[in-house]
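Topology and contacts: notes
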Amino acid sequence: MDIEEFFESMPFAQLLGVEITDAEDGHAAGYIEMREDLSWNADRVMAHGGVTFTLADTVGGAALVSRVDQPVPTIDMRIDYLSAGTGDLRAEADVVRLGGDVGTVDVDVYATEDDTLIATARGVYKTG
């Protein structure tokens, strides 16, 4: 399975502009270019929480798919927002547990401009 192509062909990921830049051996990385229409603030471009969440969920899923080579629906995801995302965002994800039925992934989301940690997330996905 071409993981980058699989995730980038998802209509919602295309709409937001999510790009998977790396996915192998239980690790994935991705990126989203911040745009005005993804902002929650009309006066200043600041990533809506849903944009940050979608980046984390997509990159987390890609990390797990790199291990199981099949789609992995999200069961649950918890995210902590730590700082406002005022520019482009990147995410790094690592599989922390892979079971027969579920897998768990930790994801960190950063501002690309200065590597500020924007959010941390833990996702649980169906693997079997």
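Look a little higher up for the structure.
Described below are features of the structure shown in this document. (Residues numbered from 1 in each chain as written. Predicted model: local features only at pLDDT ≥ 70, side-chain atom pairs only at ≥ 80, totals over all residues. Heavy atoms only, no water.)

A closer look at the overall build of the protein chain
When its secondary structure is counted, the protein chain shows three helices and six strands. Starting at the N terminus, the α and β elements of the protein chain follow one another as α-α-β-β-α-β-β-β-β. Relative to the 2.2 N^0.38 estimate, which gives 14 Å for 128 residues, the radius of gyration of the protein chain is 14 Å and therefore close to what a compact globule would have. When the backbone C-alpha atoms are referred to their principal axes, the protein chain occupies close to 45 × 25 × 25 Å. Out of the 128 residues belonging to the protein chain, those deemed buried represent 41%. Total accessible area on the protein chain stands at roughly 6,500 Å², and carbon and sulfur atoms take up 46% of it. For the protein chain, the distance from the average site of its 8 positive side-chain charges to the average site of its 25 negative ones is 9 Å. (Helix = DSSP H or I, 4+ residues; strand = E, 2+ residues; numbered from the N terminus. Rg over C-alpha atoms; globule rule 2.2 N^0.38 Å. Buried < 20%, exposed > 50% of the residue type's maximum accessible area, 1.4 Å probe, protein only. Areas by Shrake-Rupley, 256 points an atom, 1.4 Å probe, with all protein chains shown as cover. Lys, Arg positive; Asp, Glu negative; His and termini not counted. Charge placed at Lys NZ, Arg CZ, Asp CG, Glu CD.)

Remarks on unusual backbone geometry
Across the chain, the bulk of peptide bonds are trans and the bulk of non-glycine residues have phi less than zero. Within the chain, Asp25 stands out as a residue other than glycine whose phi angle is a positive 55 degrees. Residue classification places Asp25 among the exposed positions, given a relative accessible area of 69%. Even without being a glycine, Asp69 presents a positive backbone phi close to 55 degrees. Tracing the backbone shows Asp69 in the loop between α3 (49–68) and β3 (74–81).

As for the sheet that holds strand β5 (residues 102–111)
What the six strands build is an open sheet, ordered β1-β2-β4-β5-β6-β3; its pairing is antiparallel. Of all strands in the sheet, those with a lone pairing partner are β1 (19–24) and β3, marking the two edges. On average, adjacent strands in this sheet sit at an angle of 15 degrees to one another, irrespective of strand direction. Sheet analysis places strand β4 (residues 89–98) next to β5, joined by nine bridges and oriented antiparallel. Within the sheet, the bridge partner assigned to Ala91 lies in β5 and is Val109. Each of β1, β2 (27–32), β3, β4, β5 and β6 (117–126) is contacted by α3, which is oriented at about 45 degrees to β4, the strand it contacts most. (Pairing = 2+ DSSP bridges. Axes fitted to C-alpha atoms, helices over the stretch in contact; angles between N-to-C directions. Contact = heavy atoms within 4.5 Å.)

Side note on the environment of Pro73
Secondary-structure assignment places Pro73 in the loop between α3 and β3. Relative accessible area serves as the criterion here: at 52%, Pro73 is assigned to the exposed category. Sequence spacing of Pro73 and Lys126 is 53 residues, and the spatial spacing of their C-alpha atoms is 5.5 Å. Once residues lying within four places of it in the same chain are set aside, the contact partners of Pro73 are Val124, Tyr125 and Lys126.

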